[in-house]
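Next come the chains, spelled out residue by residue.
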Amino acid sequence: MILSAQQALVIIAAVCIGTILTRALPFILFPDQNATPPYIVYLGKVLPFAAIGLLVIYCLRNVSLLSAPYGLPEAIAVLFVIALHLWKNNSLLSIGGGTVLYMLLVQTVFN
Amino acid sequence: MSPKLRALKAAFPYTIPIWAGFIFLGFAFGILMNSKGYSAQWSILMSLIIYAGSMQFVAVNLLTSVFNPLNALLITLVINARHLFYGVSMLEKYGGAGWKKPYLIFGMVDETFSVLCSTEPPPGVDKYWFMFFVTLLDHIYWVAGTALGAFFGAMVSFDTKGIDFVMTALFVVIFINQWKSQQQHSPALAGLALSLVCLLIFGPQGFIIPAMLLIVVVLSIFRKRIDKGVEI
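Residues numbered from 1 in each chain as written. Chains lettered and ligands numbered in written order. Predicted model: local features only at pLDDT ≥ 70, side-chain atom pairs only at ≥ 80, totals over all residues. Heavy atoms only, no water.

## Remarks on the overall build of chain B
For chain B, the helix and strand inventory stands at 12 helices and 0 strands. Starting at the N terminus and walking to the C terminus, you meet the elements of chain B as α-α-α-α-α-α-α-α-α-α-α-α. Relative to the 2.2 N^0.38 estimate, which gives 17 Å for 232 residues, the radius of gyration of chain B is 19 Å and therefore close to what a compact globule would have. By principal-axis analysis of the C-alpha atoms, chain B measures approximately 55 × 55 × 35 Å. Of all 232 residues assigned to chain B, the portion counted as buried reaches 52%. In chain B, once contacts between residues fewer than 6 apart in sequence are set aside, the share between residues at least 24 apart is 75%. As displayed, chain B has an accessible area near 10,300 Å², and 69% of this comes from carbon and sulfur atoms. In chain B, which carries 15 positive and 10 negative side-chain charges, the distance between the mean positions of the two groups comes to 5 Å. (Helix = DSSP H or I, 4+ residues; strand = E, 2+ residues; numbered from the N terminus. Rg over C-alpha atoms; globule rule 2.2 N^0.38 Å. Buried < 20%, exposed > 50% of the residue type's maximum accessible area, 1.4 Å probe, protein only. Contact = heavy atoms within 4.5 Å. Areas by Shrake-Rupley, 256 points an atom, 1.4 Å probe, with all protein chains shown as cover. Lys, Arg positive; Asp, Glu negative; His and termini not counted. Charge placed at Lys NZ, Arg CZ, Asp CG, Glu CD.)

## Some remarks on the domain arrangement of chain B
All names here are of chain B. The domain architecture assigned to chain B consists of domain 1 (3–162) and domain 2 (182–232). Each partner contributes residues to the interface: domain 1 has 5 residues there, and domain 2 has 5 residues. Across the interface of domain 1 and domain 2, roughly 430 Å² is buried in total on both sides, 92% from carbon and sulfur atoms. Of all residues in domain 1, Val78, Arg82 and Phe85 bury the most surface against domain 2, accounting for 77% of the area lost on that side. At the junction of domain 1 with domain 2, the criterion picks out 0 salt bridges. On inspection of domain 1 and its partner domain 2, the count reaches 0 residue pairs in polar contact (both at pLDDT 80 or more). Grouping the amino acids of the side of domain 1 that touches domain 2 by side-chain chemistry returns 4 nonpolar, no polar and 1 charged. (Domains from an automatic or database assignment. Buried area = accessible area lost by both parts, 1.4 Å probe. Salt bridge = Lys/Arg side-chain N within 4 Å of Asp/Glu carboxyl O. Polar contact = N/O pair within 3.5 Å; in protein donor to acceptor, adjacent residues only side chain to side chain. Nonpolar A, V, L, I, M, F, W, Y, C, P; charged D, E, K, R; others polar.)

## Some remarks on the packing of helix 7 (residues 110–118) of chain B against helix 9 (residues 165–181) of chain B
All names here are of chain B. Relative orientation of the contacting elements helix 7 and helix 9 amounts to 20°, with a least axis distance of 11 Å. As judged from the angle between their axes, helix 7 and helix 9 are roughly parallel. Crossing handedness for the pair helix 7 and helix 9: left-handed. Residue-level inspection shows Asp110, Glu111, Ser114, Val115, Cys117 and Ser118 of helix 7 in contact with helix 9, the latter providing Met167, Leu170, Phe171, Ile174 and Gln178. Of the residues contributing to the contact of helix 7 with helix 9, the split by class is 6 nonpolar, 3 polar and 2 charged. (Axes fitted to C-alpha atoms, helices over the stretch in contact; angles between N-to-C directions. Parallel < 35°, antiparallel > 145°, perpendicular 65-115°, else oblique. Left-handed = near helix turned anticlockwise from the far one by under 90°.)

Rendered as structure tokens:
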């Protein structure tokens, strides 16, 4: 802890306010859901799908394809999640199974 | 059964993957804060009022370098800019939530958004209470994980390496579920492909904002074609 308590509180407040701003801004700009411009309504319809794609990439952003293990544990585990989910269609099973496999891979095989 | 209890029971199963992820990530955050000399009350305070996973890890750096609140605010806006997408997506769903709306907006972290944007509550369950409880449970897991890490982090010997993959798996599963629910796959493909392109060009630190801009531009250009096929 190198900041004083007051300084730390100011930093925490700044991060808190910044986070709330990014979450609340669309609701502040378009308070009345019946008066939202059609273009924004359109974005609201399609962005959930694009946002999940963005989140998948965001989770994998620090994987390096150019150095060992070349993203192999992530690729194997993601393919396993996809295959298991298409086969059994059970979200918890797919998420749990994929995570256990990934942990095994990075702790033993690719250690 | 009261509507509240019914909504809580319906909400809980959707939060189980997030329970696992948040307990461990919150735990890691509590340990990290401890190691930098910030005691449990600091980490718990941050998880309560900031409640933004990756940003809190960045905030640890802000708390251990030169005091610069404006810089902290700007970094937060850049890192959390992706929440703008979530807000635009949830304008309609959160619209009639009344007094619950401010809390739903405050608690709109990646994981909660990903579940709520892709899930309709079961028939007979009040949707606002359902969304409220998914949000509240996730928030509780995050604070509880943080507290456990801050108080007991030093005692753990179990190897948790790789546990954060639970979030990746959650988003992959939601991606598949959304894919199966739609005829029109362009928005999902655009999100995936354009983010990947921007990651390759701008690198892991700076790709989010270019990716967001590019996604909005491309989805706007093809609006006429895409708008026909999307069903909610």
